[in-house]
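As a plain string of letters, each chain reads:
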Amino acid sequence: MKNVHPSSAQHNWTQVDDYLNKLLIPTDSLLEQTLQSNAKAGLPAHDVAPNQGKLLQLLLQIHGAARVLEIGTLGGYSTIWMARALPEHGKIVTLEADPHHAEMARTNLTRAGLINKVDLRVGPALTTLPDVQEEYREPFDFIFIDADKPSNPDYLRWALRLSRPGSLIIGDNIVRDGEVVNAESTDNRVQGVRQFLQLISENPRLEATALQTVGSKGYDGFVIARVIEHHDTK
């Protein structure tokens, strides 16, 4: 088997992503401006790739989701992709720990004309989720988890409380350049993902699959879980 240098592989993955995006996803100046504004404001380049944003949008449309919870807003790039898929009465509740990131997200969502579909909560998600539970009594149709990985197990527990049979739970960045298989990893992000996946595998309320991905964002992956039972409130 021919050895491929990592930098060469990354170049190839990025080229393929660029080709597929140009072919299948029309140029969107507003989304491009969102990424540029985020970079100029010093936000980390942790946004989903365009083809990943489009995947989220398609999943929402296929699922007919109207109530969405996003844990980890960053600058609102993924929020825009998903908010565009919502019906007229739809709402996305998005949680961001960093006030500067949240300010950028609010600016980007306002410019996109979508702020009326978004409830942006500022503060650590584990402190804002109880308020979300109190204020949004109907379960969410779709939950996207893309925040600090050590907290993923807690986010999953909250997602199960806030979902219904048929709800989809998506977790991003689960492969960690392949380190997810390393049980001895000292990286708390890797261990957070491993615990997250273990909890999904053990929970009888969930059926799930996970996919490895390569592309402009490197080597990673995501997990998709579907809630299949009612929550036992006893």
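Everything quoted here is computed from the prediction, not taken from an experiment.

Here is what the cut-offs are and how they apply
Residues numbered from 1 in each chain as written. Predicted model: local features only at pLDDT ≥ 70, side-chain atom pairs only at ≥ 80, totals over all residues. Heavy atoms only, no water. Helix = DSSP H or I, 4+ residues; strand = E, 2+ residues; numbered from the N terminus. Contact = heavy atoms within 4.5 Å. Areas by Shrake-Rupley, 256 points an atom, 1.4 Å probe, with all protein chains shown as cover. Lys, Arg positive; Asp, Glu negative; His and termini not counted. Charge placed at Lys NZ, Arg CZ, Asp CG, Glu CD. Phe/Tyr/Trp six-rings, centres within 6.5 Å; stacked < 30°, edge-to-face > 60°. Buried < 20%, exposed > 50% of the residue type's maximum accessible area, 1.4 Å probe, protein only. Salt bridge = Lys/Arg side-chain N within 4 Å of Asp/Glu carboxyl O. Axes fitted to C-alpha atoms, helices over the stretch in contact; angles between N-to-C directions. Parallel < 35°, antiparallel > 145°, perpendicular 65-115°, else oblique. Nonpolar A, V, L, I, M, F, W, Y, C, P; charged D, E, K, R; others polar. Pairing = 2+ DSSP bridges.

Q: Can you walk me through the overall build of the protein in this structure?
A: The helix and strand tally for the protein stands at eight helices and seven strands. When its C-alpha atoms are laid out on the principal axes, the protein stretches across 55 × 45 × 30 Å. Of the contacts formed within the protein by residues at least 6 apart in sequence, a portion of 71% connects residues at least 24 apart. Split by element, the accessible area of the protein, about 12100 Å² in all, is 53% carbon and sulfur. Side-chain charges in the protein split into 23 positive and 29 negative, and the spacing between the mean points of these groups amounts to 3 Å.

Q: Would you take a moment to explain the packing of aromatic side chains for this structure?
A: Throughout the structure, instances matching the rule amount to two aromatic pairs. Look at Y77 and W81: their rings are 6.5 Å apart centre to centre, the planes differ by 80 degrees, and that puts the pair in the edge-to-face class. In this pair, Y77 and W81 are both assigned in helix 4 (residues 77–83), four residues apart and thus about one turn of the helix distant. Taken as a pair, Y77 and W81 share a single burial class, namely buried.

Q: How do you make sense of the pattern of salt bridges when you look at a structure like this?
A: If charged atoms from side chains of opposite charge come close, those side chains can pair. In total, this model carries 11 salt bridges according to the counting rule given. Across the pair E135 and R121 runs a salt bridge, and its minimum N-O distance is 2.7 Å. Placement of the pair is E135 in helix 6 (residues 125–135) and R121 in strand 3 (residues 118–122), with a sequence separation of 14 residues. Residue R121 is classed as buried on the basis of its relative accessible area of 14%. One salt-bridge network, in which partners are shared between bridges, spans R67, E138, D141 and R164.

Q: Explain the packing of helix 6 against helix 7 (residues 152–161) here, please?
A: Axes are the key here: two packed helices are described by the angle between their axes and the distance separating the axes. Packing of helix 6 against helix 7 brings their axes to within 11 Å, and their N-to-C directions diverge by 5 degrees. In this view, helix 6 runs roughly parallel relative to helix 7, as classed from their interaxial angle. Note on element contacts: helix 7 touches helix 6 through D154, Y155, W158 and R161, opposite A125, L126, L129, P130 and Q133. Within the contact of helix 6 with helix 7, the residues separate by chemical class into six nonpolar, one polar and two charged.

Q: Help me out: how do you make sense of the sheet that holds strand 4 (residues 142–145) in this one?
A: Paired through backbone hydrogen bonds, the strands of a sheet run either parallel or antiparallel to each other. Strand order across the open sheet formed by seven strands is 3-2-1-4-5-7-6, with mixed pairing between neighbours. One side of each edge strand has no neighbouring strand; the edge strands of this open sheet are strand 3 and strand 6 (206–215). For this sheet, the mean inter-axis angle between neighbouring strands, taken without regard to orientation, is 15 degrees. As judged from the five bridges shared by strand 1 (residues 67–71) and strand 2 (residues 91–96), these two strands associate in the parallel manner. Bridged to V68 within strand 2 is I92. The sheet strands contacting helix 1 (residues 6–24) are strand 6 and strand 7 (218–227), and the helix crosses strand 6 at an angle near 105 degrees.

No statement about biological role is implied by the geometric values presented.
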